[in-house]
Amino acid sequence: MSNIHPYVGRANTRVDGPLKVSGLAKYSAEFGAEDLAYAAAVPSAVAKGRITALDVSAALAAPGVIEVLSHKNRIDFPEDDEPFKNDMVAVPGSPFRPFRDDKIHYAGQAIALVVADTHENARYAATLVKATYDVETPNVDVATSANYYDPPEKRDGIPPPPDPRGDAKGAFDRAPIKVESDYRVVAEHHNPMELQATTVIWEGDGRLLVHNKTQGVVNPKNYICSVFGLDEDKVRFFSPYVGGAFGMALRPHYDVFLAVMASLKLERSVRLVLTRAQMFTMGWRPDCLQTLSLGAETSGKLTSITHHAIQATSMFEDYQEPIVNWSGLLYDCDNVSLKYELGKVDTSTPSDMRAPGATTGVFALECAMDELSYAAGVDPIELRLLNYSDHDQNDDKPFSSKELKAAYEQGAERFGWSKRSFEPRSMKEGHELIGYGMATGCWEAMTMPHKARATLTADGKLEVACATADIGTGTYTILAQIGADALGVDIAEVTSKVGDTSLPMAPVEGGSWAAASAGSAVKLACEALKEELLKHARGLDNSPLANASLDLVTFSNGRIALKADLAKAVSVADVLKSAGVEKLDGEAGYAPDEEFTKKYAGYTHGACFVEVRVDEELGVIRLVRIVSAIAAGKILNPLTARSQILGGVVMGCGMALHEETKWDKTLGRVMNANLGEYHVPAHADIPEVDVIFVDEEDGSNPLGIKGLGEIGIVGAAAAVANAVFHATGKRVRELPITIDKLL
Amino acid sequence: MMNFSYTRAETIADAVAAVAGDPDARFIAGGTNLVDLMKYDVMKPGRLVDITRLPLREIEATDGGGLKIGALVPNSDLAYDQRIQRDYPLLSSAILAGASAQLRNAATTGGNLIQRTRCYYFYDVATPCNKREPGSGCSAKTGVNRIHAILGTSDACIATHPSDMCVALAALEAVVHVEGPDGQRTIAFADFHRLPGDEPQYDNTLAHGEMVTAVELPAPRFGQNHTYLKLRDRLSYAFALVSVAAAIEMDGDVIGETRVALGGVAHKPWRVPEAEALLKGKFATRELFGEVADRLLQGAKGFGDNDFKIELARRAVVRALTQAAAGAPQVQSNKIVN
Ligand SMILES: Cc1cc2nc3c(=O)[nH]c(=O)nc-3n(C[C@H](O)[C@H](O)[C@H](O)COP(=O)(O)OP(=O)(O)OC[C@H]3O[C@@H](n4cnc5c(N)ncnc54)[C@H](O)[C@@H]3O)c2cc1C
Ligand code: SF4
């Protein structure tokens, strides 16, 4: 039996897969209660101005309507910003508060909430709420924002650009080879399958059980308790499953705020599910204008990098991303000048969206590197090797590990990069021009403090628990793998629990830190549990393990045995029985090793290779092959890991070719706020994606892992754009690359 | 969505009477367009008359050697019907270029003809739109208009008809059979859809209460010399930016009758008989195809985002005619444009 171990490092299908495909996994909109009322949010028709009159009489008179809430009859909440900043992901500024007053900040802003006896009645009555407005002219385009500014207050956890080093301007002026270009990454909106939703169960006695689509239950709980002044002991958030989030469910959104408000006001259970169109009124990857200037010696060796980015944010908050920092980090260069500014637009506040900052910034950098490769006449991979950096020059420290060279090498080999002819437009078959493009990806390898608990029962079942979230990434599965290995039990005997504020504390699940952090915490909790078990085992009468320490014993098949003599063993069941308990717990906390992070810079890396074919006359683009080679430490589960990279690459392809939020510039409204017209890749758009994980040893956490949720997307769009250039000789610097841009 | 009443019609006459007698009533077939529009509050019928049980699911041979397609034949059944695949492959190809397998299973022949525009503003009740609310204005003209028309537009409306199937039906010169309170009539396909003019609220020439009962195809005549070329913003599951249905009668190397219809460019499938006539009795050359394209696109006008469609349509016409003349129709399952 012991040959089933270790689970870690091997492909294991998702432990929650059967529940998901059979519909038994319950999402936030699927919980109910007898007294459940259904809410619908009424969107503002205008993008900027004030509500001058709100007529809810028709809505109130509609069948089944219980209440219509708005700024006029809402329950009290604090006037100051602070309680609303009890949000781990809050950004500088004044957080948005639904129904605060009559002001409209963006199109689609919730102006009223209809609560009714059925979902259908609520939706219908919502169409009867009539508002009149004093309308101001909105600006939704960062290119026409009133001014650009360096955000005075920096966003927590987001490093501002490092100070300039050397003399970027002088070196650029002197450089024999120069590349200078403007790029634009347009606005994208999150569109996970699961709509943003909250079900609040009114449990009486002031107790609330809240099911809310979130990337970390602790965060919205803190926020809700803080803004409504609720007793933390009486509020529980329970959201075991999340149907995709990618960053959009990091901050508490207006669904949870309004659903809780309605529940408190009506003293009953309330559910609010937003519409697909309302998914475009929150959480988006902001529009970003970038200028990249590279100076190089004739060999292609970089002598100067200047990267300037202007990114959109809302009128009321300074959302920030690390866009330009990557340009000071990815390649060796002594003269670097980086600048990051914001421009305000009349929209909701942007939010993190898969590899926020890197996705946008590395796109521009990697396209510019491609441009440099042609300017210098050097193969794109050669160019990157020539400028390879072993040292994080932004923070002046070595990388904890960086097997990017291996990723270039293995990716190029698998892809057949050597068959590429250097000149653009030099490869063709039939009507189609063929292009090979590549780009580098980079993302932070972070961890965060997490707590976890491991519980063993006499029947040999293990439960591992942590309040983190599984947003579809496979957290349930890897935690079970780690637990199964630690205690030497079959994975079928292990249950993972996440998404519940009654479990040991975890922050939001984001930044690709959950696997490493929650995984490490579970591993440590299991160690604590083993210690506890062994303590009891040692105390058994005539215990064969009487003097054994943890390093001398092994746990397998429900037994604790001496490594030196496996016959000397006790069963876990006996240990629990003699201890007189039904179960034993181990609890532990993981925290990042600060000594280590002080000494080393932790990043994941990738190299993405793409072949495109472009119809020369018609501009039809087909992706035909993609290889993504990733260096991200130890791989816990190649199956779930591959899925993460696939998802990232597909999203990168969508960014390159399809995704674009289209605002009407006069009305300030998103015009393609549905999945028919907001295009993400269809199956026909995505070819076989070959994922390679290169070996990489990393010492930053007990598991040696780095996280994979985001690295797959970084560089993917640039690889596509570079392939399109190689095919056609047309450099498209504004995404998405659509047919009209190639005519 | 507002409350509505629902009745299921047992006979064509009942269905027609039910809708004709109630200005708020609508037929519902597959529901793939109407239900969406109701959810968006764009269409608010007080009564739905379900016609899906009516005996209009057959594809029958006609005396003239053609086929008569019942209005309720699902798009997928039609596309995969052996007679259609053999004798009208252009039609099959156009249907398969559209929507998704799930939608094609639900969508009906009649519904496909009468589906409404995909103009973003038409769908958003918070915006002015003359088609949805006559007299309110056209937001698209100066707004987001990537998917809008370049031909036959009016001051009042620049929307397109979104169907792929109809582009093929226009090229095949199908005839629409209609039954109304005053009896039956037939409408030539070219006269079925209309240009927006001053009354963009009317997509077609049906009167309220008139029901499409069948679409008739004349005897087949183009063999393998046809193609349906659809260009769009992703390789499947997107409406056409520009599409071309082309069919050519080849007499050896010499061209006989030609039909070219454009989709995605106007309020109706766009045909110009004089353009088609340019090819008659000639050898197929790129130059000649270019002249046809120029003639088809005469007067084309962009509105900003959609300016590119003029050049794209020109190139698409040339390619489609090349494919059709060579007897090498575009394959819909393979996204390589041949
Ligand atoms: C996401 C999406 C993508 C799509 N992509 C494409 C595409 O790429 N290409 C394409 O061509 N189409 C596409 N479609 C449109 C699809 O083809 C139409 O929705 C479908 O053909 C409509 O048929 P139905 O039977 O469902 O019509 P319904 O929705 O039932 O009815 C549509 C209209 O026709 C009327 N009607 C129906 N039958 C009759 C009749 N017999 N007589 C008189 N009036 C009638 C109804 O009253 C209603 O006004 C797409 C649709 C969706 C939702
Ligand atoms: S183009 Fe036609 S459908 Fe679109 S907004 Fe203008 S009037 Fe309405």
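As the structure is a prediction and not an experimental result, all values here were calculated from the model. Residue numbers run consecutively from 1 along every chain, following the written order of its sequence. Written order decides the labels, with chains lettered from A and ligands numbered from 1. Thresholds applied to this predicted model are a pLDDT of at least 70 for local features of residues and 80 or more for the giving and counting of side-chain atom pairs; totals over whole chains, interfaces and linings are not thresholded and use all residues. Water and hydrogen atoms play no part in the side-chain values, which are based on all heavy atoms of the structure.

Chemist: Would you take a moment to explain a nonpolar patch on the surface for this structure?
Modeler: Residues and elements named next belong to chain B. Nonpolar side chains (Val, Leu, Ile, Met, Phe, Trp, Tyr) are joined into patches within 5 Å and like charges within 9 Å, using only residues with over 30% relative accessible area and no salt bridge. In short, Shrake-Rupley with a 1.4 Å probe defines the accessible areas, and a residue's cover is counted only from the protein chains shown. We define a salt bridge as a side-chain nitrogen of Lys or Arg found within 4 Å of a carboxyl oxygen belonging to Asp or Glu. A surface patch of nonpolar side chains, amounting to about 260 Å² of accessible area, comprises Met1, Phe4 and Tyr6. Here Met1 shows up in the segment before strand 1 (5-8). Summary of the burial criterion: residues with accessible area below 20% of their type's maximum are buried, those above 50% are exposed, and those between are partly exposed, where the area comes from a 1.4 Å probe applied to protein chains only. A relative accessible area of 31% places Met1 in the partly exposed class. Working definition: helices are DSSP H or I runs of at least four residues, strands are E runs of at least two. Numbering for both runs from the N terminus.

Chemist: When you look at the sheet that holds strand 2 (residues 25-28) of chain B in this model, what are you seeing that I'm missing?
Modeler: Two modes of strand pairing occur in sheets, parallel and antiparallel, and in both the strands are linked by backbone hydrogen bonds. Residues and elements named next belong to chain B. Strand order across the open sheet formed by 3 strands is 1-3-2, with parallel pairing between neighbours. Each edge of the open sheet is held by one strand with a lone partner, namely strand 1 and strand 2. Across this sheet, the average inter-strand angle for adjacent strands is 25°, counted without regard to direction. In this description, strands pair whenever DSSP reports at least two bridges between them. As defined by bridge partners, strand 1 adjoins strand 3 (residues 47-50) across 4 bridges and the pair is classed as parallel. Along strand 3, the bridge assignment pairs Ser5 with Arg47. Sheet strands touched by helix 1 (residues 12-20): strand 2 and strand 3. Its angle to strand 2, the strand with the most contacts, is close to 145°. Geometry is summarised by axes, namely lines fitted to C-alpha atoms with helices restricted to the contacting stretch, and by angles between N-to-C directions that run from 0 to 180 degrees. In what follows, a contact means two residues having at least one pair of non-hydrogen atoms within 4.5 Å.

Chemist: Looking at this structure, how should I read the environment of Tyr388(A)?
Modeler: Residues and elements named next belong to chain A. Looking at the element boundaries, Tyr388 is found in the loop between helix 8 (380-386) and strand 18 (391-392). Owing to a relative accessible area of 12%, Tyr388 belongs among the buried residues under this scheme. For the pair Tyr388 and Asp332, spaced 56 residues apart in sequence, the C-alpha to C-alpha distance is 5.9 Å. A polar atom in the side chain of Tyr388 sits 3.4 Å from the backbone oxygen of Lys402. Whenever a nitrogen or oxygen atom comes within 3.5 Å of another N or O atom, the pair is scored as a polar contact, on the condition that within protein one atom can donate a hydrogen and the other can accept it, and that pairs from neighbouring residues in sequence are kept only if both atoms are in side chains.

Chemist: I tried to follow the state of the cysteines on my own but got confused; where do I start?
Modeler: Covalent bonding between the sulfur atoms of two cysteines is what defines a disulfide. Pairs of cysteine sulfur atoms within 2.5 Å are what we label disulfides. The full count for this structure, using the stated rule, is 0 disulfides over all chains. Its sulfur unpaired, Cys608(A) is 7.0 Å from the next cysteine sulfur, which belongs to Cys653(A).

Chemist: Would you take a moment to explain the site of ligand 1 for this structure?
Modeler: Residue and element names in this part refer to chain B. Note on terminology: near, applied to a residue and a molecule or strand, indicates that one of the residue's heavy atoms is within 4 Å of it. In the vicinity of ligand 1 there are 33 residues, among which Phe27, Gly31, Thr32, Thr108 and Asp164 approach most closely. One nitrogen or oxygen atom from the main chain of Gly31 is found 2.7 Å from an oxygen atom belonging to ligand 1. In isolation ligand 1 offers 970 Å² of accessible surface; the protein chains occlude 95% of this area. The set of elements that each furnish at least two residues to the shell around ligand 1 consists of strand 2, helix 2 (34-39), helix 7 (109-114) and strand 8 (211-217). For the shell around ligand 1, the element with the highest residue contribution is helix 7, accounting for 4 residues. Classification used: nonpolar for Ala, Val, Leu, Ile, Met, Phe, Trp, Tyr, Cys and Pro, charged for Asp, Glu, Lys and Arg, polar for all others including Gly. Each residue belonging to the shell around ligand 1 can be placed in one class, and the counts come to 16 nonpolar, 12 polar and 5 charged.

Chemist: Please explain the pattern of salt bridges as it appears in this structure.
Modeler: Once the charged atoms of two side chains with opposite charge are near each other, the side chains can pair. Counted according to the given criterion, the structure contains 64 salt bridges over all chains. The partner of Asp332(A) in a salt bridge is Lys301(A), and the shortest N-O contact between them spans 3.4 Å. Within this pair, whereas Asp332(A) is found in the loop between strand 16 (302-314) and strand 17 (336-345), its partner Lys301(A) is found in the loop between strand 15 (288-296) and strand 16, the two being separated by 31 residues in sequence. Relative accessible area serves as the criterion here: at 26%, Asp332(A) is assigned to the partly exposed category. Taking relative accessible area as the criterion, Lys301(A) reaches 19% and is therefore assigned buried. For the salt bridge of Arg185(B) with Glu210(B), the shortest nitrogen-to-oxygen distance reads 2.7 Å. Placement of Arg185(B) in strand 7 (residues 183-188) and of Glu210(B) in the loop between helix 10 (189-192) and strand 8 is noted, with a sequence separation of 25 residues between them. A residue is classified by how much of its surface remains accessible, and Arg185(B), at 34% relative accessible area, is partly exposed. Salt bridges here are not isolated pairs; linked through shared partners, they connect Asp141(A), Arg184(A), Asp287(A) and Lys665(A).

Chemist: Could you clarify how one ought to interpret the UniProt feature "domain: FAD-binding PCMH-type" (unreviewed entry) in chain B in this entry?
Modeler: Under the present numbering, the feature "domain: FAD-binding PCMH-type" (unreviewed entry) in UniProt falls on residues 1-222 of chain B. Across residues 1-222 of chain B one finds 28% helix and 17% strand; the C-alpha atoms that close the span lie 46 Å apart. UniProt positions are given in the numbering used here, feature names are shortened, and annotations may be inferred rather than shown by experiment.

Chemist: Teacher, can you tell me more about the nonpolar core here?
Modeler: Side chains of a nonpolar character, in soluble globular proteins, are inclined to be buried together. All names here are of chain A. Residues Leu113, Leu487, Leu533 and Ile560 are the most contacted members of the largest nonpolar core, which totals 113 residues. The residues touching Ile560, leaving out its near neighbours within four places in the chain, are Leu533, Leu534, Ala537, Leu545, Val553, Thr554, Phe555, Lys568, Ala569, Val570, Val572 and Val575. Grouped together as the second largest cluster of nonpolar side chains are 101 residues, Phe363, Ile626, Met651 and Ile711 included. In this description, a nonpolar core means a group of buried Ala, Val, Leu, Ile, Met, Phe, Trp, Tyr and Cys residues linked to one another through side-chain atoms lying within 4.5 Å.

Chemist: What exactly am I supposed to notice about helix 5 (residues 218-228) of chain A here?
Modeler: Residues spaced three or four apart along an α-helix face the same direction, because each turn holds 3.6 residues. In terms of residue burial, helix 5 of chain A counts as a mostly covered element, since 9 of its 11 residues are buried. Of the residues one or two after helix 5 of chain A, Gly229(A) is the one with positive phi, at around 60°.

Chemist: What's the story with the interface of chain A and chain B in this structure? I'm lost.
Modeler: Accessible area lost upon the coming together of the parts is a frequently used measure of interface size. Every contact between the two is made by 34 residues of chain A and, on the other side, 38 residues of chain B. Each of two parts loses accessible area, computed with a 1.4 Å probe, when they are put together; buried area is these two losses added. Between chain A and chain B, the buried area comes to about 3200 Å², and carbon and sulfur atoms account for 60% of it. Interface area lost by chain A to chain B is led by Glu617(A), Leu618(A) and Met671(A), which between them contribute 19%. Run the count over chain A and chain B and you get 5 salt bridges. Between the two partners, chain A and chain B, sit 9 residue pairs in polar contact (both at pLDDT 80 or more).

Chemist: Any chance you could explain the site of ligand 2 here in plain terms?
Modeler: Neighbouring ligand 2 are 14 residues; Cys119(B), Cys129(B), Cys138(B), Cys157(B) and Ile158(B) lie closest to it. Looking at side-chain class alone, the shell around ligand 2 contains 10 nonpolar, 3 polar and 1 charged residues.

Chemist: Help me understand the domain arrangement of chain A in this model?
Modeler: Residue and element names in this part refer to chain A. Throughout the structure description, domain borders are defined by an automatic or database domain assignment. Each domain of chain A was delimited in the assignment, giving domain 1 (31-137 + 193-245 + 249-279), domain 2 (168-188 + 284-446 + 598-742) and domain 3 (447-591). Each of domain 1 and domain 2 has a C-alpha centre, and the two are 37 Å apart. Domain 1 puts 20 residues into the contact, and the matching count from domain 2 is 17 residues. Taken over both partners, the interface formed by domain 1 and domain 2 buries close to 1400 Å², and the fraction arising from carbon and sulfur atoms is 58%. When the area that domain 1 buries against domain 2 is broken down by residue, the three leading residues are Val91, Tyr106 and Arg276, summing to 26%. Taken together, the links from domain 1 to domain 2 amount to 2 salt bridges. For Asp346, the salt bridge goes to Lys48, with nearest N and O atoms at 3.4 Å.

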